[in-house]
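Examining the three-dimensional arrangement
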Amino acid sequence: MAALKMVERPQIAVLGAGTFVRTQYIPRLREIADIMVFKAIWSRSEESARAAVEDAREFFPEIECKWGDAGLNDIIQDTSIHGVAVVLAGQIQVDISLRMLRAGKHVLQAVSEAETALSHYTSLCTNNIPHRPIWAVAENYRFEPAFVECKKLMNGIGDMMSVQVIIEGSMNSSNPYFSSSWRRSFTGGFILDMGVHYIAGLRMVVGCEVASVSAITSHVDTTLPPPDNISALFELENGCPGVFVLVVSSKSPKIFWRVVGSKGTLQVERGNKDGRHGYTVLFYTADGHCQSLFHPFCGVNEELKAFIHDISQATLQEGGSFEAEPRSSFVEGARDVAVLEAMLESGKKQGAKVSVKRF
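Residues numbered from 1 in each chain as written. Predicted model: local features only at pLDDT ≥ 70, side-chain atom pairs only at ≥ 80, totals over all residues. Heavy atoms only, no water.

Regarding the overall build of the chain
Counting its regular elements, the chain contains 10 helices and 15 strands. Projected onto the principal axes, the alpha-carbon positions of the chain cover approximately 55 × 55 × 45 Å. A burial count over the chain gives 51% of its 359 residues as buried. Excluding contacts between residues fewer than 6 apart, the proportion of contacts in the chain whose partners are at least 24 apart in sequence is 67%. For the chain, the computed accessible surface area is about 16,800 Å², with 50% contributed by carbon and sulfur atoms. Of note, the chain has its 35 positive side-chain charges centred 2 Å away from the centre of its 40 negative side-chain charges. (Helix = DSSP H or I, 4+ residues; strand = E, 2+ residues; numbered from the N terminus. Buried < 20%, exposed > 50% of the residue type's maximum accessible area, 1.4 Å probe, protein only. Contact = heavy atoms within 4.5 Å. Areas by Shrake-Rupley, 256 points an atom, 1.4 Å probe, with all protein chains shown as cover. Lys, Arg positive; Asp, Glu negative; His and termini not counted. Charge placed at Lys NZ, Arg CZ, Asp CG, Glu CD.)

Right, dumping it as structure tokens:
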């Protein structure tokens with residue numbers, strides 16, 4: 001009997017050393033230290049790289065500190081590093097990610113410049129890379145258990161009649177991301193940066209693509225980049241209408257998704273319970289009963305575990321065909337962005353109907 005091919009724990013690097021890396025990635029990677037090796041943290045500046053590595057060293061004493069062009073080249077050339085998480089400003093994410101993919105690294109990143117990025121990614125197999133590395137989307141609501149449950153419960157509400165997504169955010173000077181320079185110079189600003197996650201939740205729940213949108217945008221809070229408010233009507237491909245409202249900064253934050261069906265209603269609402277932040281799933285049945293269940297936040301954990309698992313499986317099946325976790329697909333992220341971009345375009349056209357780009 002042929003011996004089973006064994007794979008060592010995948011080694012990964014994180015590119016970026018900002019707030020999200022230090023408050024989310026490092027603690028979450030600590031929780032899955034048994035399935036991967038955290039090899040290095042890279043930043044453009046030595047100071048920020050060293051600060052993040054100092055945070056990580058308590059749990060990962062062998063972690064390496066990399067910075068600048070030389071450090072980035074070290075990671076590119078290090079064949080022991082199987083995957084990288086790109087947690088950088090939106091304007092440079094795609095360029096850095098493509099460099100990593102060309103080097104054969106698997107990549108987990110937020111999504112931006114989707115159309116150009118996908119074109120380059122598709123061409124990788126024709127450019128001396130026999131098997132395309134995995135390119136996955138991070139900070140992804142499709143991995144939150146609340147939305148996974150909702151997808152299952154959708155069958156119980158009958159025919160969809162109406163969808164509501166209401167986001168009243170709390171982006172103000174007390175938020176650690178408020179002064180982020182790249183979000184202020186990024187096309188779409190906080191609307192795109194925040195909204196793409198809520199669209200991911202919408203698409204996950206309804207299981208249907210958004211076909212067209214009509215939106216009005218405005219700029220009220222001058223401490224935020226324009227626009228800071230968007231109200232949109234949208235139509236799903238199955239004909240169901242919906243509304244999407246995003247207020248970047250509200251004095252009374254509230255976030256929920258609600259789908260009304262012919263046999264029941266399903267709602268997901270962000271909040272906290274017993275000191276834990278997460279989502280409450282409410283399922284209203286035709287007989288008037290309400291089923292309620294709270295799910296703490298753990299989407300980052302789940303997406304990181306899926307990414308590490310996919311790297312391991314891709315290594316095991318090298319030379320064969322391997323399909324990565326579909327929820328992580330860069331195409332899924334591109335579809336989320338396309339909905340927001342259509343809304344922003346409609347806003348510029350005073351509410352004209354805009355079809356959502358297909359991927």
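Focus: the pattern of salt bridges
Using the criterion set out here, one finds 17 salt bridges in the structure. Two residues, Glu 209 and Arg 203, come together in a salt bridge whose shortest N-O distance is 2.9 Å. Of the residues examined, Arg 203 reaches a relative accessible area of 6% and is grouped as buried. With a closest N to O distance of 2.9 Å, Arg 203 and Glu 332 form a salt bridge. Placement of the pair is Arg 203 in helix H8 (residues 189–206) and Glu 332 in helix H10 (residues 330–348), with a sequence separation of 129 residues. (Salt bridge = Lys/Arg side-chain N within 4 Å of Asp/Glu carboxyl O.)

Focus on the domain arrangement of the chain
When its domains are assigned, the chain resolves into domain 1 (11–133) and domain 2 (141–297 + 336–355). Facing 8 residues of domain 1, the contacting portion of domain 2 comprises 7 residues. Between domain 1 and domain 2, the buried area comes to about 630 Å², and carbon and sulfur atoms account for 69% of it. Summed over the three residues of domain 1 that lose the most area to domain 2, namely Thr 19, Gln 91 and Val 111, the buried surface amounts to 54% of that side. (Domains from an automatic or database assignment. Buried area = accessible area lost by both parts, 1.4 Å probe.)

Some points on the UniProt feature "domain: Gfo/Idh/MocA-like oxidoreductase N-terminal" (unreviewed entry) in the chain
UniProt's feature table lists "domain: Gfo/Idh/MocA-like oxidoreductase N-terminal" (unreviewed entry) at residues 12–109, given in the numbering used throughout. Within the segment residues 12–109, helix and strand shares are 49% and 23% respectively, and the terminal C-alpha atoms sit 13 Å apart. (UniProt positions renumbered as here; feature names shortened; annotations may be inferred.)

Re the sheet that holds strand E14 (residues 290–296)
One open sheet holds the 9 strands; their spatial order is E14-E13-E12-E11-E7-E10-E9-E8-E15, and the pairing between them is mixed. Of all strands in the sheet, those bounded by a partner on one side alone are E14 and strand E15 (354–355). When strand E8 (residues 210–218) meets E15, the two strands line up antiparallel, connected through 2 bridges. From the neighbouring strand, Val 213 faces E15, where its bridge partner is Val 354. Its contacts with the sheet place helix H6 (residues 145–153) against strand E11 (249–261), strand E12 (264–273), strand E13 (276–285) and E14, and it is angled at close to 10° to E13. With respect to the sheet, H10 is in contact with E8, strand E9 (229–236), strand E10 (241–247) and E15, its orientation differing from that of E8 by roughly 50°. (Pairing = 2+ DSSP bridges. Axes fitted to C-alpha atoms, helices over the stretch in contact; angles between N-to-C directions.)

Quick word on the UniProt feature "domain: GFO/IDH/MocA-like oxidoreductase" (unreviewed entry) in the chain
Per the UniProt entry, the sites bearing "domain: GFO/IDH/MocA-like oxidoreductase" (unreviewed entry) are residues 157–266 in this numbering. Counting secondary structure, residues 157–266 comes out at 21% helix and 46% strand; the distance between its end C-alpha atoms is 7 Å.

Things to note about the pairing of E11
Note that strand E7 (residues 160–170) and E11 share 9 bridges and pair antiparallel. Counterpart to Ile 166 in the pairing with E11 is Phe 256.

Digging into the state of the cysteines
Here is the idea: a disulfide is a covalent bond, and it sits between the sulfur atoms of two cysteines. Evaluated as defined, the whole model comprises 0 disulfides. The structure places no disulfide on Cys 240, whose sulfur is separated from the nearest cysteine sulfur, that of Cys 208, by 8.3 Å. Judged by its relative accessible area of 4%, Cys 240 falls in the buried class. Of all cysteine sulfurs, the one in Cys 150 lies closest to Cys 298, which takes part in no disulfide; the gap is 14 Å. (Disulfide = S-S within 2.5 Å.)

Some details on the nonpolar core
Considering soluble globular proteins, one finds that nonpolar side chains tend to be buried as a cluster. Formed by 83 residues in total, the largest nonpolar core has its most connected members in Leu 15, Phe 244 and Trp 257. Here this core gets 12 residues from one element, more than from any other, and that element is H8. If you count residues domain by domain, this core takes at least three from each of domain 1 (11–133) and domain 2 (141–297 + 336–355). Apart from residues no more than four positions distant in its own chain, Phe 244 is found in contact with Val 165, Tyr 198, Ile 199, Ile 230, Ser 231, Ala 232, Phe 234 and Met 343. Counting 31 residues, the second-largest nonpolar core is a separate cluster that includes Val 14, Leu 108, Val 300 and Ile 311. (Core = buried A, V, L, I, M, F, W, Y, C linked by side-chain atoms within 4.5 Å.)

Regarding helix H3 (residues 68–77)
Regarding H3, the residues found buried are Gly 68, Gly 71, Leu 72, Ile 75 and Ile 76. Each buried residue of H3 sits inside an arc of 145° when the element is viewed along its axis, so together they form one side. Summarising the geometry of H3, the exposed residues directed more than 90 degrees from the buried face are Asp 69, Ala 70 and Gln 77. Structurally, H3 contributes buried residues whose contacts are with strand E1 (11–15), strand E2 (37–43), strand E3 (64–67), strand E4 (83–86) and helix H4 (90–102). (Arc of directions from axis to C-beta.)

A short note on the sheet that holds strand E6 (residues 135–137)
As summarised here, the arrangement of the 6 strands in space is E3-E2-E1-E4-E5-E6, forming an open sheet in which the pairing is parallel. Of all strands in the sheet, those bounded by a partner on one side alone are E3 and E6. Adjacent strand axes in the sheet meet at a mean angle of 20° when their direction is disregarded. As paired elements, E1 and E2 share 5 bridges and run parallel to each other. The residue bridging Ala 13 from the neighbouring strand is Ala 40, located in E2. Packing of H3 onto the sheet brings it into contact with E1, E2, E3 and E4, and relative to E3 it is tilted by some 125°.

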